[in-house]
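Read off the chains here:
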Amino acid sequence: MTKIAIVTGSTRPGRINRGVAEWVLAQAQQRSDAEFELVDIADFNLPLLDEAYPAAYQNYTNDHTKVWSEKIAEFDGYVFITGEYNHTVTPALANALSYLNAEFSNKAAGIVGYGSAMGVRAAEHLRGILSELQIAHVQKTGMFSLFTDFENFSAFAPTEQSAATLAPVLDQLVPWTKALEAVRAEALVAA
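Okay, so let's go over this structure. Quantities reported herein were computed from a predicted structural model and do not represent experimental measurements.

Basis of the calculations
Residues numbered from 1 in each chain as written. Predicted model: local features only at pLDDT ≥ 70, side-chain atom pairs only at ≥ 80, totals over all residues. Heavy atoms only, no water. Helix = DSSP H or I, 4+ residues; strand = E, 2+ residues; numbered from the N terminus. Rg over C-alpha atoms; globule rule 2.2 N^0.38 Å. Phe/Tyr/Trp six-rings, centres within 6.5 Å; stacked < 30°, edge-to-face > 60°. Buried < 20%, exposed > 50% of the residue type's maximum accessible area, 1.4 Å probe, protein only. Lys NZ or Arg CZ within 6 Å of the ring centre and 35° of its normal. Pairing = 2+ DSSP bridges. Axes fitted to C-alpha atoms, helices over the stretch in contact; angles between N-to-C directions. Salt bridge = Lys/Arg side-chain N within 4 Å of Asp/Glu carboxyl O.

### Focus on the overall build of the protein chain
Broken down by element type, the protein chain carries six helices and seven strands. Mapped in sequence order, the helices and strands of the protein chain form the string β-α-β-α-β-α-β-α-β-β-β-α-α. Against the 2.2 N^0.38 benchmark of 16 Å for 191 residues, the protein chain shows a C-alpha radius of gyration of 16 Å, consistent with a compact globule. With respect to the principal axes defined by its C-alpha atoms, the protein chain has extents near 50 × 35 × 25 Å.

### A look at the packing of aromatic side chains
Summed over the entire model, instances satisfying the criterion amount to 11 aromatic pairs. Judged by centre distance (5.7 Å) and plane angle (85°), the ring pair of F147 and F153 falls under edge-to-face. Given the relative accessible area of 49%, F153 is considered partly exposed. An aromatic cluster is built from W23, Y114, F144, F150 and F156, whose rings are joined through pairwise contacts. The ring of F75 carries the charged tip of K3 above its face, separated from the ring centre by 5.1 Å.

### Side note on the sheet that holds strand β5 (residues 135-145)
An order of β2-β1-β3-β4-β5 is seen for the five strands of this open sheet, with the pairing classed as parallel. A strand with exactly one partner marks an edge of an open sheet, and here the two such strands are β2 (35-39) and β5. Strand-to-strand twist of the sheet, defined as the mean angle between neighbouring strand axes without regard to direction, takes the value 20°. Of the strand pairs in this sheet, strand β3 (residues 77-83) and strand β4 (residues 107-115) are connected by seven bridges, and their pairing is parallel. Across the sheet, T82 pairs through a bridge with G113, a residue of β4.

### Some details on the pattern of salt bridges
One pass over the structure, following the stated rule, counts 11 salt bridges. Between R18 and E22 there is a salt bridge, with its nearest N and O atoms 2.8 Å apart. In this pair, R18 and E22 both sit in helix α1 (residues 17-28), four residues apart, roughly one turn of the helix. For E22, a relative accessible area of 40% gives the class partly exposed. A salt bridge links D33 to R31; the nearest nitrogen and oxygen atoms lie 2.8 Å apart. One connected set of salt bridges, linked through shared partners, spans K3, E37, K71 and E74.

### Quick look at unusual backbone geometry
Backbone geometry at Q58 places phi at a positive 55°, although glycine is not the residue there. Relative to the helices and strands, Q58 is located in the loop between β2 and α2 (63-73). A positive phi is found at F153, a non-glycine position, where the angle reads about 60°.

Okay, structure coming up:
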């Protein structure tokens, strides 16, 4: 069965990102076309990138990188949850993505963003990072507003209209994820 990770994008104390990720996971688990699992980057205790070699070499020296690599490699696709910080992707997510390379190659991803402008700018910046990692990102984006989809800017309670932005993301992501399994298999044969 195709495995897709719902990846948190924040490690801050009191973060709202985890609540968004848990909601996305609950919605995704109602589907039968893939398996979904929450992967919380906070669980990996990744310091500011501290590997001596570029990620493309996979010459990891730190245990936290090795554990992160093993976990991410388990999945065929991803849904990245990002808040918008200073008009861009969350620093913790950018850092976590920078640790790895081959583990993401030829896989698919969807993006769920939130912020004062619904996370749109963060999602667009994240697309550039994902492209560099050879992650095929779907066109649809889950978008949530800090003003209407969070109670007191802290408890995630999406409006019906905003909640409806998630299904198209998953509807595109699952077939793309399955299609890229063939690409990865062909790459292994060629190697």
